[in-house]
Amino acid sequence: MGSIFSYVFSFLAPAQQYDPTPDPTTGLTQRDREIIAHIWGLATDKKTLKSNAVEFFIQLFETYPHIQDRFELFKDKPLDELRTSPKMKAHATSVFYALTSYVENLDDPETLVGLVQKIAVSHVGRKIPADDFDKLRIVFLNFVKYLLGDQYTPEIEQAWDKLLRAQTAIYKQIEEELLSKKGTQEIPKTDI
Ligand code: HEM
């Protein structure tokens with residue numbers, strides 16, 4: 001891996017040309033946002049989106065089998081079978097489209113937060129704990145590393161890490177709100 005990304009940084013202007021002020025909502029700087037958008041564009045090129053999306057889920061399930069078990073459709077299925085399963089392809093693709101909607105709204109934090117909140121509401125409803133979203137963050141960073149090979153840098157990692165931590169923080173907020181409304185402890189609490 002890595003060859004198609006060999007020009008990964010040729011698009012960036014020198015660091016001093018970017019406004020270094022972090023966005024107060026997401027913590028992302030202008031340069032972080034450009035890095036994320038550019039890398040996402042490469043990872044979701046029409047020809048590779050589906051296979052990258054499936055590969056990400058395989059890595060997620062390999063690392064955290066309990067997350068695989070949360071999917072009625074996928075639990076107990078061998079990963080080799082999931083690699084070619086149309087249902088896996090469809091699900092993975094819809095998750096990558098959701099991530100694309102985040103990336104397309106990096107410059108509009110209000111909408112970005114709204115998009116994450118929608119995902120959070122639907123997933124808290126499925127009893128997915130915030131802790132799983134944070135585990136997904138770790139697997140996702142490794143996945144970007146896997147895609148970029150020796151093009152991966154700490155700057156890329158930090159940019160994605162900020163976005164995914166913002167996602168987890170929003171998730172946790174929604175989880176707490178919904179739990180307190182429900183007055184139940186059904187959804188496992190986490191210490192994120
Ligand atoms: C480890 C964390 C996560 C778990 C365990 C999880 C689990 C699930 C489950 C069980 C479903 C229902 C699948 C079905 O019945 O067909 C689902 C649907 C979905 N998930 Fe996730 N998910 C996680 C993270 C995410 C993230 C980070 C995103 C997007 C950024 C996402 C986007 C979606 C979408 C778009 C759907 C289908 C539409 C919907 O119901 O909202 N998921 N997820």
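Rules used in this analysis
- Residues numbered from 1 in each chain as written.
- Predicted model: local features only at pLDDT ≥ 70, side-chain atom pairs only at ≥ 80, totals over all residues.
- UniProt positions renumbered as here; feature names shortened; annotations may be inferred.
- Core = buried A, V, L, I, M, F, W, Y, C linked by C-beta atoms within 7 Å.
- Buried ≥ 20, exposed ≤ 12 C-beta atoms within 10 Å, placed from the backbone.
- Helix = DSSP H or I, 4+ residues; strand = E, 2+ residues; numbered from the N terminus.
- Contact = placed C-beta atoms within 7 Å.
- Expected span 1.5 Å × (residues − 1).
- Near = placed C-beta within 6 Å.
- Nonpolar A, V, L, I, M, F, W, Y, C, P; charged D, E, K, R; others polar.
- Axes fitted to C-alpha atoms, helices over the stretch in contact; angles between N-to-C directions.
- Parallel < 35°, antiparallel > 145°, perpendicular 65-115°, else oblique.
- Arc of directions from axis to C-beta.

- Labelled according to an unreviewed UniProt entry, the protein appears under the name Globin, originating from Candidula unifasciata.
- Per UniProt, the protein has the following entry under Sequence similarities (unreviewed entry): "Belongs to the globin family."

1. Considerations on the nonpolar core
Okay, step 1: With 38 residues, the main nonpolar core has Ile36, Ile39, Phe57, Val144, Ile156 and Ala159 as its most contacted residues.
Okay, step 2: Counting residues per element, the ones that place at least two in this core are α1 (30-43), α2 (49-63), α5 (86-103), α6 (109-124), α7 (130-148) and α8 (154-182).
Okay, step 3: Not counting the four nearest positions on each side in its chain, Phe57 is found in contact with Met88 and Ala92.

2. Observations concerning α1
Okay, step 1: Over its 14 residues, α1 extends 20 Å from the first C-alpha to the last, a length consistent with the 20 Å expected when each residue adds 1.5 Å.
Okay, step 2: Buried residues of α1: Asp32, Ile35, Ile36, His38, Ile39, Trp40 and Ala43, and no others.
Okay, step 3: Those residues of α1 that are buried are in contact with α2, α5, α7 and α8.

3. Examining the site of the ligand
Okay, step 1: Of all residues adjacent to the ligand, which total 17 residues, the nearest are Val95, Ala98, Ser122, Asp132 and Leu136.
Okay, step 2: The element contributing the most residues to the shell around the ligand is α5, with five residues.
Okay, step 3: Residues that form the shell around the ligand fall into these classes: ten nonpolar, four polar and three charged.

4. Some thoughts on the packing of α1 against α8
Okay, step 1: Remark: α1 packs on α8, axes separated minimally by 9 Å, with the N-to-C direction vectors making an angle of 95°. When the axes of α1 and α8 are compared, the pair comes out roughly perpendicular. Residues Asp32, Ile35, Ile36 and Ile39 of α1 pack against Glu155, Ile156, Ala159, Trp160, Lys162 and Leu163 of α8.
Okay, step 2: A class-by-class count of the residues in the contact of α1 with α8 yields seven nonpolar, no polar and three charged.

5. Quick look at the environment of Phe133
Okay, step 1: Relative to the elements of secondary structure, Phe133 occurs in helix α7.
Okay, step 2: Separated by 35 residues in sequence, Phe133 and Thr168 have C-alpha atoms that sit 6.0 Å apart.
Okay, step 3: Setting aside anything within four residues of it in sequence, one finds Phe133 in contact with Gln167, Thr168 and Tyr171.

6. With respect to the environment of Leu136
Okay, step 1: If you trace the backbone, Leu136 turns up in helix α7.
Okay, step 2: C-beta crowding within 10 Å serves as the criterion here: with 21 such atoms nearby, Leu136 is assigned to the buried category.
Okay, step 3: Along the backbone, Leu136 and Ile67 are 69 residues apart, and their C-alpha atoms lie at a distance of 9.1 Å.

7. Digging into α7
Okay, step 1: Over its 19 residues, α7 extends 27 Å from the first C-alpha to the last, a length consistent with the 27 Å expected when each residue adds 1.5 Å.
Okay, step 2: Along α7, the positions that sit buried rather than exposed are Ala130, Asp132, Phe133, Leu136, Phe143, Val144, Leu147 and Leu148. An end-on view of α7 places all buried positions within 135° of arc, on one side of the element.
Okay, step 3: The inward-facing, buried residues of α7 contact α1, α2, α3 (65-69) and α8.

8. A short note on unusual backbone geometry
Okay, step 1: Phi at Asp76 is positive, roughly 70°, even though this residue is not glycine.
Okay, step 2: The exposure class assigned to Asp76 is exposed, which follows from the 7 C-beta atoms found within 10 Å.
Okay, step 3: Positioned with a positive phi, Lys127 is a non-glycine residue whose angle comes to about 65°.
Okay, step 4: Residue position: Lys127 is located in the loop between α6 and α7.

9. Considering the environment of Thr29
Okay, step 1: Relative to the assigned elements, Thr29 resides in the segment before α1.
Okay, step 2: Using a count of 19 C-beta atoms within 10 Å as the deciding quantity, one classes Thr29 as partly exposed.
Okay, step 3: In this structure the C-alpha to C-alpha distance between Thr29 and Tyr18, which are eleven residues apart in sequence, comes to 8.2 Å.
Okay, step 4: In contact with Thr29, not counting residues within four places along its chain, are Tyr18, Pro20, Thr21 and Pro22.

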